[in-house]
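Below, each chain spelled out in residue letters.
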Amino acid sequence: MSIDTLFSSEEFRQVGHKLIDILSDHLNQQAKRERPTINWHDPLSENIKWQQPLPTQATLDTDGLLQQLEITILHNSLGVHHPHNLGHQVAPPLPIAALCDLVAALTNQAMAVYEAGPSATMLERQVIAWLCELIGWKTHGITSHGFLTSGGSQANLTALLAARQVSCQKLAKSNIWQDGIASSKLRILTSEHMHYSISRAAGIMGLGTDAVIQIACTSNDAMDVNALKNAHQRCIQNNELVVAVVATAGCTPTGTIDPLQAIGHYCNKEDLWLHVDGAHGASALLSAHHKIKLAGLELADSVVWDGHKLLYMPAAVSAVLFKDVKNSYAAFAQEASYLFAEGHEQEFNSSYRTLECTKRMMGLKLWAAFSLYGTSGLGDLINTVFAKAQLFSEKISAHHDFELLMKPQTNIVCFRYIRAGLSAIELNQLQFNIRQKIVQSGAFYISQVAHHGKLWLRTTIMNPLTNSEDFDALLQRIMLST
Ligand SMILES: Cc1ncc(COP(=O)(O)O)c(C=O)c1O
């Protein structure tokens, strides 16, 4: 095969058209519920099929590739656009955003420095400015900044690195980045329902996961502010230095948002860095109706906001946002003469502030979605899925065979099937078995969560096309599966 063929624009055009046809059919079949949500096979048996010898010569032509894509890949993918996909907080991405990702892949703007992606850099800065504006920092006359990075976990790590650097400089007069962790006992205070990426970040940062003090929550899973205050006072008495308080806006198990205003006021009064993990719930800012739930978010020093959750983007794209622009430089401080020039351009070299050196052009898809649909269009998605979660929770509450964990504040609904006469352990086992049967049947995809010793079925309503009949069908199937 000639090298020219590898880069043939004509072949790209032809294969591209066919590919778009295949993907459009795939999308259509899911929306019409014409295929299973998941074509379940045991991973051990699947693994046996993926032991082919390394190809030293071509084994497929492009038609063969497209055929494999359809039969092997798409048919065995979780149908994220299927209205019965209710498992995780993963978006059914806006198709236009997927097309933008194709542009990102082909143009491969490395983004490390401005020169390696001029328009990509500007797109990202534009999107970041919009997100900061939505948080409300601009209204308060604050110059904020941040960047896009590959996923909420990495974004949380970046924010906590900045928090530790700034807090240690302020409280212990030490430069952690340069000197390493001194003997001081550093602590992170966060909700018992934090995402595991917070404690993982503590492990990566060398603080040790025990440095994360989990604050008890009230009955609706929101952080108990009095418990937070008490924990902070205990840290002071023990000579422990709190580098950050991490509040969660949309906790992973149930989607509950911590009381940001009360936490923010306390942190501001005590001069504590407040980080809000809004990976899931920050998108509620787009809804005129629901944004009140995020009141106080503007008091945070840093915020993480995932695009691939409720901004309906393909993974991975997350924003890490800093209230004070200068703190966006605090996480990392690298010398790299081959990349970073002195002078005003530094501000535009994104990898100076990110864990990635090379990264994808992530801003295009967000910019396109905001430009095509506006905050009102994107806000409609939030209103719709939050309302559908409400509807589903009402159906569960009204059904005597089911128990609702709590009224959803966002779009996560947890519940369990109840059968009289079973012990607590047997009831947990029952939920486990139900989920396995449902998922393996391919009819629905749902998840599960352990909550204070009880196992619950967990649904995340991400797809605005999921309707009332779909919820009825799920409850029906659960009852039939036992
Ligand atoms: C609250 C919260 N924070 C962070 C994350 C991690 O985000 P990512 O999966 O993008 O790394 C998640 C993922 O579900 C989450 O729910």
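Residues numbered from 1 in each chain as written. Predicted model: local features only at pLDDT ≥ 70, side-chain atom pairs only at ≥ 80, totals over all residues. Heavy atoms only, no water.

Which residues make up the side chain of Arg164, and what values do they have?
By secondary structure assignment, the location of Arg164 is in helix 7 (residues 152-172). With residues near it in sequence (within four places) discarded, Arg164 still touches Ile176, Ile181, Leu186, Met205, Leu207 and Val243. (Helix = DSSP H or I, 4+ residues; strand = E, 2+ residues; numbered from the N terminus. Contact = heavy atoms within 4.5 Å.)

Residues and numbers for the packing of helix 2 (residues 9-31) against helix 4 (residues 62-73), please.
Contact pair helix 2 / helix 4: the axes reach a minimum separation of 11 Å and the direction vectors enclose 20 degrees. By the criterion of interaxial angle, the relationship of helix 2 to helix 4 is roughly parallel. Helix 2 and helix 4 meet at a crossing whose hand is right-handed. Listed contacts from helix 4 to Glu11, Val15, Lys18, Leu19 and Ile22 of helix 2 are Thr62, Asp63, Leu66, Leu69 and Glu70. When the residues that make up the contact of helix 2 with helix 4 are grouped by side-chain class, the tally is five nonpolar, one polar and four charged. (Axes fitted to C-alpha atoms, helices over the stretch in contact; angles between N-to-C directions. Parallel < 35°, antiparallel > 145°, perpendicular 65-115°, else oblique. Left-handed = near helix turned anticlockwise from the far one by under 90°. Nonpolar A, V, L, I, M, F, W, Y, C, P; charged D, E, K, R; others polar.)

Please set out the site of the ligand residue by residue, giving values where relevant.
Around the ligand, 14 residues are found, and the nearest of them are Gly152, Ser153, Thr252, Asp277 and His308. Residue Asp306 places a side-chain N or O atom 3.0 Å away from an oxygen atom belonging to the ligand. Across the complex, the protein chains shield 84% of the 390 Å² of accessible surface that the ligand would expose by itself. For the shell around the ligand, the element with the highest residue contribution is helix 7, accounting for three residues. Each residue belonging to the shell around the ligand can be placed in one class, and the counts come to one nonpolar, ten polar and three charged. (Near = heavy atom within 4 Å. Polar contact = N/O pair within 3.5 Å; in protein donor to acceptor, adjacent residues only side chain to side chain. Areas by Shrake-Rupley, 256 points an atom, 1.4 Å probe, with all protein chains shown as cover.)

How would you summarise unusual backbone geometry if you had to cite specific residues and measurements?
Cis geometry marks the peptide bond from Ala315 to Ala316; its omega dihedral reads -10 degrees. Inspection of the secondary structure assignment puts Ala316 in the loop between strand 6 (302-306) and strand 7 (318-322). If you check the backbone angles, Asn239 has positive phi at about 60 degrees while not being a glycine. By the secondary structure assignment, Asn239 is in the loop between helix 10 (225-237) and strand 4 (240-248). Judged by its relative accessible area of 68%, Asn239 falls in the exposed class. (Buried < 20%, exposed > 50% of the residue type's maximum accessible area, 1.4 Å probe, protein only.)

Which residues make up the pairing of strand 10 (residues 447-451), and what values go with them?
Alternating residues of strand 10 divide into Ser447, Val449 and His451, all buried, and Gln448 and Ala450, none buried. Hairpin connection, strand 10 to strand 11 (residues 454-460): the antiparallel pair is bridged by two residues, and His452 has positive phi, about 50 degrees. (Pairing = 2+ DSSP bridges.)

Lay out the pattern of salt bridges with the relevant residues and their values.
In this structure the tally under the stated criterion is 15 salt bridges. Salt-bridge contacts for Lys309 lead to Asp306; the nearest nitrogen and oxygen are separated by 2.5 Å. Between Lys326 and Asp324 there is a salt bridge; the shortest N-O distance is 2.9 Å. Put simply, Asp101, Arg360 and Lys365 are held in one network by salt bridges that share partners. (Salt bridge = Lys/Arg side-chain N within 4 Å of Asp/Glu carboxyl O.)

So what about the sheet that holds strand 8 (residues 402-404)? Which residues, and what values?
Here we have four strands laid out as an open sheet, ordered 8-9-11-10, and antiparallel in their pairing. The open sheet has two edge strands, strand 8 and strand 10, and neither has a second partner. Strand after strand, the sheet turns through a mean of 40 degrees between neighbouring axes, direction not considered. Bridge analysis of strand 10 against strand 11 gives five bridges, and the strand direction is antiparallel. Paired with Ala450 across the two strands is Leu455, which belongs to strand 11. Against the sheet, helix 12 (residues 363-398) makes contact with strand 8, strand 9 (412-417) and strand 11, and its axis sits at roughly 20 degrees relative to strand 9, the strand it touches most.

It is worth stressing that arrangement in space is one thing and function is another; only the former is reported here.
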